[in-house]
Amino acid sequence: MKALVISGGGSKGAFAGGVAEYLIKTKKKKYDLYLGTSTGSLLIPHLALGKIEELKEIYTNVNQRSIFDNSPFFIKKLHGEKVVAINHLNVLWNLIRKRKTFGESGNLRKLIRKNLSNHDFLLLKTSTMDLVVTVSNLTTSQIEYKSIHDYSYDEFCDWIWASCNYAPFMSVFEKNYCEYVDGGFGCLVPVREAINRGATEVDVIILDTEVSHFNRLSSKNPFSLISNIFDFALEQVEKHNLTIGKLAAKNNNVKLNMYYTPTVLTTNSLIFDKEKMTQWWKDGYSYMEETYGDQMTHIKYDK
């Protein structure tokens, strides 16, 4: 049983798309299980359907407005680079309305439904493949994995949305008296879950470099401080996930192929820039094309 696991990473998901395109279209790899967290959960339905060109069109045309109906920040240029600044008016408006978060990501919810039709959902649900998305349940302090076979169209679209909601900058999904947010807060790279579900070979796309290449700049405002804190926490979660995943692979004789980004793509994955994301998709494909099977940073545990 072969599985494809894609980590969280916001806008960096475009790079994962290029890597997946190479694995699926060029190397002709077929997977029985697709498992994603956050941006990974957005990618897996189209990858499973083989609709890679449609997926590329989505990822290379998305922008801030595609995600946020009330963005807590705006993008400005500083020394030629795009940086995030607080949108005090939008944040204040959310506080006045007594919202739980600084911003709202309702537009992403609409985008998911627009690009994943009920017909496509039924094709996937009735297939032999399984699609699983990771969510964090804040109410019970549990990581939960949602399979497409267990839910209706509307429910599964909502689980994909919940998996992507990077609170408190994005919305909180409430269901059955529980609050759900980005799966990456609990499991950024769900390798062990793929193995627990019976995978004997796992390709893992990790939207980060294998080794840290930079020190973060000092925080300029409360938002940048929160962002830096979350980034630090998520790096620790990622390391823990990978350590546990490697151990599980070794103990279960699972073949594990891990693909990292070769360089730091961005220090803020909540900036959705069309030009950069278009280039990242190309870079993901080119990097695999140039290094697959040779110099690609990967680890294998053979049976």
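Everything discussed here concerns the structure shown above.
All residue numbers here refer to positions counted from 1 along the written sequence of the relevant chain. Only residues with pLDDT of 70 or above have their local features reported here, since the model is predicted, and side-chain atom pairs are shown and tallied only from 80 upward, although totals for entire chains, interfaces and linings are computed over all residues. Just so you know, side-chain values use all the structure's heavy atoms and leave hydrogens and water out.

Draft legend 1. Geometry of the environment of serine 147. Under the scheme used here, helices are H or I runs from DSSP no shorter than 4 residues and strands are E runs no shorter than 2 residues, and both carry numbers assigned from the N terminus. In this structure, serine 147 sits in strand E6 (residues 142-147). C-alpha separation for the pair serine 147 and tyrosine 34, spaced 113 residues apart in sequence, amounts to 9.8 Å. We call two residues in contact whenever any of their non-hydrogen atoms come within 4.5 Å of each other. If we skip the residues at most four places from it in the chain, serine 147 touches Asp130, Leu131, Val132, Phe156 and Arg197.

Draft legend 2. Quick peek at the pairing of strand E5 (residues 130-137). Throughout, exposure labels follow a simple rule: accessible area from a 1.4 Å probe, protein chains only, divided by the maximum for the residue type, with under 20% read as buried, over 50% as exposed, and the rest as partly exposed. Burial of E5 is extensive: 8 of the 8 residues sit out of reach of the surface. Here E5 shows no split at all, with Asp130, Val132, Thr134 and Ser136 on one side and Leu131, Val133, Val135 and Asn137 on the other all buried. Strands were regarded as paired on the criterion that DSSP finds at least two bridges between them. As defined by bridge partners, strand E2 (residues 33-37) adjoins E5 across 5 bridges and the pair is classed as parallel. Its bridge partner being in E5, threonine 37 is matched across the sheet by threonine 134. Here E5 folds back onto E6, and the loop between the two strands holds 4 residues, one of which, serine 141, carries a positive phi near 60°. Judged from the 3 bridges that link them, E5 and strand E8 (residues 178-182) form a sheet pairing that is antiparallel. In the strand pairing of E8, asparagine 137 is matched with tyrosine 180.

Draft legend 3. Structural context of the packing of helix H1 (residues 13-26) against helix H11 (residues 274-291). Axis definition: a line fitted to C-alpha atoms, limited for helices to the stretch in contact. Angles are taken between N-to-C directions and run from 0 to 180 degrees. Contact geometry of H1 with H11 gives a least axis separation of 6 Å together with a crossing angle of 40°. Of the possible angle classes, the one that applies to H1 and H11 is oblique. The two elements H1 and H11 cross, and the hand of that crossing is right-handed. Contacts from Ala14, Phe15, Gly17, Gly18, Val19, Glu21, Tyr22, Leu23 and Thr26 of H1 reach H11 at Met277, Trp280, Trp281, Asp283, Gly284, Tyr285, Tyr287, Met288 and Glu289. Comment on the angle field: the value is read as roughly parallel under 35 degrees, roughly antiparallel over 145, roughly perpendicular from 65 to 115, and oblique elsewhere. Working rule for handedness: look at the near helix, and if it is turned counterclockwise from the far one by less than a right angle, call the crossing left-handed; if clockwise, right-handed.

Draft legend 4. View of the side chain of asparagine 268. Here asparagine 268 shows up in the loop between strand E10 (255-260) and H11. Apart from the residues within four sequence positions on either side, asparagine 268 is in contact with Ser11 and Val84.

Draft legend 5. Quick peek at the environment of valine 191. In this fold, valine 191 is placed in helix H9 (residues 191-196). Distance in space between the C-alpha atoms of valine 191 and serine 7 is 9.2 Å, their sequence separation being 184 residues. Other than its neighbours up to four places away in sequence, valine 191 contacts Val5, Val204, Leu242, Gly245 and Leu256.

Draft legend 6. Structural context of the packing of aromatic side chains. Between the rings of Phe, Tyr and Trp (Trp by its six-membered ring), a pair exists once the centres lie within 6.5 Å; its type follows the angle of the planes, with under 30 degrees stacked, over 60 edge-to-face, and the other angles tilted. Taken as a whole and assessed by the stated rule, the structure comprises 17 aromatic pairs. The interplanar angle of 40° and the centroid separation of 6.4 Å between the aromatic rings of phenylalanine 173 and tyrosine 180 together place this pair among those described as tilted. Note on phenylalanine 173: relative accessible area 6%, which makes it buried. When the ring of phenylalanine 185 is compared with that of phenylalanine 230, the centres are 5.5 Å apart and the planes differ by 70°; the resulting orientation is edge-to-face. In this pair, phenylalanine 185 sits in the loop between E8 and H9 while phenylalanine 230 sits in helix H10 (residues 222-251), placing the two residues 45 residues apart along the sequence. Clustering of aromatic rings is evident, with ring pairs tying together Phe68, Phe73, Phe102, Tyr166, Phe169, Phe185 and Phe230. Working rule: Lys NZ or Arg CZ, within 6 Å of ring centre, within 35 degrees of ring normal, means a charge sits over the ring. Over the ring of tryptophan 159 we find lysine 146, and its NZ or CZ is 4.3 Å from the ring centre.

Draft legend 7. Spatial organisation of the nonpolar core. Side-chain atoms within 4.5 Å are what join buried Ala, Val, Leu, Ile, Met, Phe, Trp, Tyr and Cys residues into a set we call a nonpolar core. Judged by nonpolar contacts, the single largest core of 63 residues is most densely connected at Tyr34 and Leu47. If near-sequence neighbours (up to four positions away) are discounted, tyrosine 34 is found in contact with Leu4, Ile44, Leu47, Ala48, Met129, Asp130, Leu131 and Val132. By size, the runner-up hydrophobic cluster in this structure holds 22 residues, among which are Val132, Val189, Val191 and Ala248.

Draft legend 8. How the structure looks around the side chain of asparagine 70. Here asparagine 70 shows up in the loop between helix H4 (64-67) and strand E3 (73-78). We classify asparagine 70 as buried; its relative accessible area is 7%. Here a polar contact is taken to be a pair of N or O atoms separated by no more than 3.5 Å, where protein atoms must pair a possible hydrogen donor with a possible acceptor and residues adjacent in sequence count only if both atoms sit in side chains. Within the local environment of asparagine 70, its side chain forms a polar contact with the side chain of asparagine 94, the two groups lying 2.9 Å apart. Setting aside its immediate chain neighbours within four residues, asparagine 70 contacts Asn90, Trp93, Asn94, Arg97, Phe102, Gly103 and Glu104.

Draft legend 9. Inspection of helix H6 (residues 106-115) at higher detail. Those residues of H6 not exposed but buried are Gly106, Asn107, Leu108 and Ile112. Looking at the buried residues of H6, the elements they touch are helix H2 (39-49), H4 and helix H8 (153-164).

Draft legend 10. Quick look at the packing of H2 against helix H3 (residues 52-59). At a minimum axis separation of 8 Å, H2 and H3 run at an interaxial angle of 150°. Every residue of H3 that contacts H2 at Thr39, Leu42, Leu43, His46 and Leu47 is listed here: Ile52, Glu54, Leu55, Ile58 and Tyr59. Under the convention adopted here, Pro, Cys and the residues Ala, Val, Leu, Ile, Met, Phe, Trp and Tyr are nonpolar, Asp, Glu, Lys and Arg are charged, and Gly plus all remaining residues are polar. Each residue belonging to the contact of H2 with H3 can be placed in one class, and the counts come to 7 nonpolar, 2 polar and 1 charged.

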